[in-house]
Amino acid sequence: MTATLEPRAIGRDLARRDGGAKVRGVAIYADETPVPDPLFCRIVQATVARGRVTGVDTTEATALDGVVGVVTSTDAERLASTDDAELAVLQGTEVGFRGQIVAAVLAETDEVAREAADLVRVTYAEEEADARLSADRDDLYTPESVNPTYPPDTHEGDMAAAMAEAPVTLDRTYTTPMHHNNPMEPHATTALWEPGEGDAGHLTLWDSTQGVHPVRQTVTQIFGLEPEQVRVVCPYVGGGFGSKGNPHANVIMAAMAARAVPGRPVRLALTRQQMFSLAGYRTPTIQRMQLAAGRDGTLRGIAIDVVEQTSRIKEFAEQTGVPTRNMYAAPNRRTTHRLAALDVPVPSWMRAPGECPGMFGPEVAMDELAAELGLDPVELRIRNEPEVDPETGKPFSSRNLVACLREGAVRFGWAGRDHRPGMRLEDGWWVGTGVAASVYPTMRMPKSTATVTYDGGRYIARIGAADLGTGTWTVLPQIAADALDVPVEDVDVLIGDTDHPEASVAGGSSGTTTWGSALVEAVREFRDKYGEDPHDGDGASGSVNPNAAEEDYAMSAFGAQFAEVRVHADTGEVRVPRLYGVFAAGRIVNPRLARSQFLGGMTMGLGMALHEQSLLDPRTGHVVNHDLAEYHVPANADVDDLQAHWVDEDDPYVNAMGSKGIGEIGIVGTAAAVANAAWHATGVRVRDLPVTLDRVLPTR
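Only a predicted model underlies this, so the values are computations on that prediction, with no experimental measurement involved.

Focus: the overall build of the protein chain
Then step 1. In terms of helices and strands, the protein chain carries 17 helices and 26 strands.
Then step 2. In the protein chain, which comprises 700 residues, the share counted as buried stands at 61%.
Then step 3. In the protein chain, the proportion of contacts linking residues at least 24 apart, taken out of those at least 6 apart, comes to 81%.
Then step 4. Of the roughly 26000 Å² that the protein chain leaves accessible, carbon and sulfur atoms contribute 47%.
Then step 5. Averaging the coordinates of the 62 positive side-chain charges in the protein chain and doing the same for the 98 negative ones gives two points 5 Å apart.

Next comes the structure, spelled out in structure tokens:
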């Protein structure tokens, strides 16, 4: 058991410390870094999905006044490591996907660089490409693991026998489309290479990233540099949603360009369109769900078989089937993952990878089972609540899913709901309600270190953490203040720089739990050394320690989403008047910021439900709706009443703060809740996201 902190600052509804700077427009982002006399880099992208570059004509581009040079695979720096094909920028002529970087222009102004990039003429020996995902391909394969290190397949009991013998069975296929993260701030880097004697030199990257230390680790490996030769700075991030969790090719291109013009900083910012091929995306999924149940709704078997895509040049296997392994009790279980390696860009993390797409199929299937049995969907979930983690047999450190379902039902006004679909027509709109459950694992990264020093009556902590807009600048001082037992106003925490101690990536909803744990250890070391009366200059450090409770308990956050959907009887227009979420996520460090995170996740889930769909042309490997004009995201008009609540949860096992991650749990069940409500409104079961008017119109 981990001794938790007595709350003084934790739990207070404090405003963002960085809010004023952002509102006034003085917060500095990567592409705004004040550097003297910068050059501007614009990339040239492949226009074929597979093949080989046979020539690059730079004549027109270099003739423009202000163009400094064009970098191609012929004259690009040879990298020390090309093991990661996504990051082996300009190291050969092979084209692995449409949108791959095939050249880059350096110019005195951004406008000239952009014009010059359009004038670079690239010729190709094009090969036949394969960019079509289907579940009946004969070349599907089993990955060695799924993100991050889960086994791809699990089996327990006899699922085939359960399906053959159960009085009620369900066998359905559900799909989720390709999604793109689309943070408001594009991926951007300002890079400066300052040469030294011989091979020495120093590289500074002002990068929009979810982890400055992971960027440094990648860059040093690829360029063959020592860690002390690279500094990465990122005080503010304009959103990431996973796409900035790992450095992509644009970061390597910026560093390469800077090393080509020693002493001059280089700016490289991807356009919105370029982000659709270079910044990762959520793979489309095909999910076959099987449920076997008794007449009372008790599950006798649950199975999910997932097919998804990866890039031919680099594998990423989303853990779509993993949440099925521990969500509901059933003696017979199966989960499988199969990949199709296609000539497409490289997929990567997107908010709640695995759990987000992987809970759509199961939660809609549970709704279908409830309808088949004539059971309330909330009650069906409660009847299948496991006593221990179904996969490992471990007890839960805390699991309040039932509390979330029950409180959500009360807040939403679920009681008395007519379970029959298509029964409410109000002013020309069919009205329905739906529910879905959510789960997201509670993770703590194994490495992070913090320091604490005393200076002039203030405590200053340092850790290379990141703030994606999630509130890191604010919540870490709250955690440090409680550990120090001093007012939060007396504490500063400095983040976003590799000059600070090593910190893990802001991913997997693990940031606060990981960095906060390191801060607590640093404070304990500080107090052990200096007591309650330190002197100026006194300091100590601390790192994340292993949590023995992780061996004994299963740790996750849970939630329940409730949606009301209205579908116009004549046009099929879909509206969501109400969307409520109730969550169990440990101790809430800052209610104001937590509510913002929950609502943000639910809003992103609403986009997944109603709008988001990257349309890949399989003939060309090109995402055709590659901007925010055609890749639609939610607006205020899409939901009227959006609420997030949480149940009080005391979990002494997860960490010293008692906190769980909150950044991703909000998105997980939202799309399923909306789809279930759309069925209740119309009688049409939408099994393929998004829920658009053409999919609900056939009923009426």
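Thoughts on the pattern of salt bridges
Then step 1. Taken as a whole and assessed by the stated rule, the structure comprises 44 salt bridges.
Then step 2. Of the charged contacts in the structure, one is a salt bridge between Arg 231 and Asp 497, with a shortest N-O distance of 2.5 Å. Note that Arg 231 is positioned in strand β11 (residues 230-233) and Asp 497 in the loop between β20 (491-494) and α13 (511-530), a separation of 266 residues in sequence.
Then step 3. Residue Asp 343 pairs with Arg 312 through a salt bridge whose shortest N-O separation is 2.7 Å. Pair noted here: Asp 343 is in the loop between β15 (332-342) and α8 (355-358) and Arg 312 is in the loop between β14 (299-311) and β15, with a separation of 31 residues, a long-range link.
Then step 4. Its relative accessible area of 37% is what places Arg 312 among the partly exposed residues.

Quick look at the layout of surface pockets
Then step 1. Size it by volume and the second largest pocket reaches roughly 510 Å³.
Then step 2. Every residue lining the second largest pocket is counted, 21 residues in all, and those nearest its centre are Gln 45, Thr 271, Gln 273, Gln 274 and His 626.
Then step 3. For the lining of the second largest pocket, the secondary-structure elements that each account for two or more residues are β1 (39-45), α3 (110-119), α7 (272-278) and β25 (622-623).
Then step 4. Of the residues that constitute the lining of the second largest pocket, the class distribution is 7 nonpolar, 10 polar and 4 charged.

Some details on the pairing of strand β22 (residues 556-568)
Then step 1. Counted residue by residue, β22 has 12 buried out of 13 residues, so it is predominantly covered.
Then step 2. In this sheet, β22 lies alongside strand β17 (residues 429-441) in antiparallel orientation, the contact comprising 13 bridges. Paired with Val 431 across the strands is Arg 566, a residue of β22.
Then step 3. In this structure, β22 lies alongside strand β23 (residues 574-584), joined through 9 bridges in antiparallel fashion. Directly across from Phe 562, in β23, lies its bridge partner Tyr 580.
Then step 4. Between β22 and β23, which pair antiparallel one after the other, the connecting turn spans 5 residues, and Gly 572 there sits at a positive phi close to 80°.

Section: the sheet that holds strand β12 (residues 266-269)
Then step 1. Strands sit in the order β3-β5-β1-β12-β9-β10-β11 across an open sheet of 7 strands; the sheet is mixed. Lying at the two open borders of the sheet, with one neighbouring strand each, are β3 (67-72) and β11. On average, adjacent strands in this sheet sit at an angle of 20° to one another, irrespective of strand direction.
Then step 2. The sheet contact formed by strand β9 (residues 188-195) and β12 spans 4 bridges and is antiparallel. Paired with Thr 189 across the two strands is Leu 268, which belongs to β12.
Then step 3. On the sheet, α3 packs against β1, β3 and β5 (101-107) and is oriented at approximately 20° with respect to β1.
Then step 4. Of the strands in this sheet, β1, β5, β9, β10 (201-207) and β12 are in contact with helix α6 (residues 249-260), which crosses β9 at around 30°.

A closer look at the environment of Met 159
Then step 1. With respect to the helices and strands, Met 159 occurs in helix α4 (residues 159-165).
Then step 2. In this structure Met 159 comes out as buried when scored by relative accessible area, which is 4%.
Then step 3. Taking the C-alpha atoms as reference, Met 159 lies 28 Å from Leu 405; in sequence the two are 246 residues apart.
Then step 4. Among all residues touching Met 159, those that are not within four sequence positions of it are Gln 290, Ala 292, Gly 301, Ile 302, Ala 303, Asn 332, Arg 333 and Arg 334.

Some thoughts on the pairing of strand β13 (residues 285-293)
Every regular strand shows the same layout, with side chains that alternate between the two sheet faces.
Then step 1. Summarising burial for β13: 8 of the 9 residues are buried, a large majority.
Then step 2. One ladder, built from 9 bridges, connects strand β8 (residues 168-176) with β13; its direction is antiparallel. If you follow Thr 175 over to β13, its bridge partner there is Ile 286.
Then step 3. Here β13 runs beside β14; their pairing, made up of 9 bridges, is antiparallel. In the strand pairing of β14, Ala 292 is matched with Gly 301.
Then step 4. Between the end of β13 and the start of β14, which pair antiparallel, lie 5 residues, with Gly 297 showing a positive phi angle near 95°.

Some points on α6
Then step 1. Taking 1.5 Å of rise per residue, the 12 residues of α6 would be expected to cover 16 Å, and the 16 Å separating its terminal C-alpha atoms lies within 8% of that figure.
Then step 2. For α6, a buried count of 11 out of 12 residues is recorded, marking the element as mostly surrounded by other parts of the structure.
Then step 3. Residues of α6 that are buried: Ala 249, Asn 250, Val 251, Ile 252, Met 253, Ala 254, Ala 255, Met 256, Ala 257, Ala 258 and Arg 259.
Then step 4. Summarising the contacts, the buried residues of α6 are in contact with β1, β5, β9, β10, α5 (212-223) and β12.

With respect to the environment of Met 256
Then step 1. Here Met 256 lies in helix α6.
Then step 2. It is 9.0 Å that separates the C-alpha atoms of Met 256 and Leu 79, two residues lying 177 residues apart in sequence.

Quick word on unusual backbone geometry
Then step 1. Cis geometry marks the peptide bond from Asn 147 to Pro 148; its omega dihedral reads -5°.
Then step 2. For Pro 148, the location among the structural elements is in the loop between β6 (121-126) and β7 (154-156).
Then step 3. Note the cis peptide between Leu 689 and Pro 690, where omega equals 0°.
Then step 4. One can find Pro 690 in the loop between α16 (670-682) and α17 (693-696).
Then step 5. One non-glycine residue with positive phi stands out, namely Leu 90, at about 55°.

The rules behind each value
Residues numbered from 1 in each chain as written. Predicted model: local features only at pLDDT ≥ 70, side-chain atom pairs only at ≥ 80, totals over all residues. Heavy atoms only, no water. Helix = DSSP H or I, 4+ residues; strand = E, 2+ residues; numbered from the N terminus. Buried < 20%, exposed > 50% of the residue type's maximum accessible area, 1.4 Å probe, protein only. Contact = heavy atoms within 4.5 Å. Areas by Shrake-Rupley, 256 points an atom, 1.4 Å probe, with all protein chains shown as cover. Lys, Arg positive; Asp, Glu negative; His and termini not counted. Charge placed at Lys NZ, Arg CZ, Asp CG, Glu CD. Salt bridge = Lys/Arg side-chain N within 4 Å of Asp/Glu carboxyl O. 1 Å grid on protein atoms, 1.4 Å probe; cavity = no way out; pocket = protein on both sides within 12 Å on 5 of 7 lines; lining within 4 Å. Points joined across faces, edges and corners; volume = space filled by probe spheres on them. Nonpolar A, V, L, I, M, F, W, Y, C, P; charged D, E, K, R; others polar. Pairing = 2+ DSSP bridges. Axes fitted to C-alpha atoms, helices over the stretch in contact; angles between N-to-C directions. Expected span 1.5 Å × (residues − 1).

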